[in-house]
Structures are given as C-alpha cells and as structure tokens.
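One letter stands for each residue in the lines below.
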Amino acid sequence: MKEPKIRSKILQITNKITSWHHKAFTYVANKSKTSVWFTFLLLFLAVYEIFEHFIIPAILIWWSLK
C-alpha cells in the first residue's frame, strides 16, 4: 500500500527539479542574448546536461556489462 505514496513523492521531487531546470535555463538563455558571459555559461550548462544524461549513463551501462 505504500507504493502510491512513494510514487507520488518521487513525482513531486521530479517536478521540482524539472521546474528549477526550466527556470534556470530560461533565465540564462534570456541573459545570453545580451551578454557573452551568459552565452558561454549557457553553452557550459548544455554540455554538462548532455554529459550528465547521456555520457554518464552510457559509461555506467558499459561498465555493468563488462
């Protein structure tokens, strides 16, 4: 019976993280239109997100199959 409660909590946490990411990327993207520094910050954040969500899981999957 506790599974729906845990699922609900996980969804709440995921929604908070998604909301924060959206606000942060929107802010940096808007600032990058007028500032070179924010443009590089946006580039760094995008590369980091790609690394975090694609490269690290791929390495972990490869490592687990090894």
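Residues numbered from 1 in each chain as written. Predicted model: local features only at pLDDT ≥ 70, side-chain atom pairs only at ≥ 80, totals over all residues. Heavy atoms only, no water.

1. Considering the overall build of the protein chain
Part 1 of the argument: Scanning the protein chain from terminus to terminus reveals two helices and zero strands.
Part 2 of the argument: On C-alpha atoms alone, the protein chain measures out to a radius of gyration of 17 Å, which is more than a quarter above the 11 Å that the 2.2 N^0.38 rule sets for 66 residues.
Part 3 of the argument: Projected onto its principal axes, the C-alpha coordinates of the protein chain cover approximately 50 × 35 × 10 Å.
Part 4 of the argument: Counting over 66 residues, the protein chain shows a buried share of 6%.
Part 5 of the argument: For the protein chain, the accessible surface area stands at approximately 6300 Å², while carbon and sulfur atoms represent 73% of it. (Helix = DSSP H or I, 4+ residues; strand = E, 2+ residues; numbered from the N terminus. Rg over C-alpha atoms; globule rule 2.2 N^0.38 Å. Buried < 20%, exposed > 50% of the residue type's maximum accessible area, 1.4 Å probe, protein only. Areas by Shrake-Rupley, 256 points an atom, 1.4 Å probe, with all protein chains shown as cover.)

2. What about the side chain of Glu49?
Part 1 of the argument: Relative to the helices and strands, Glu49 is located in helix H2 (residues 36–65).
Part 2 of the argument: It turns out Glu49 is buried and unbridged, and the closest side chain with the opposite charge, Lys23, is 16 Å from it. (Lys, Arg positive; Asp, Glu negative; His and termini not counted. Salt bridge = Lys/Arg side-chain N within 4 Å of Asp/Glu carboxyl O.)

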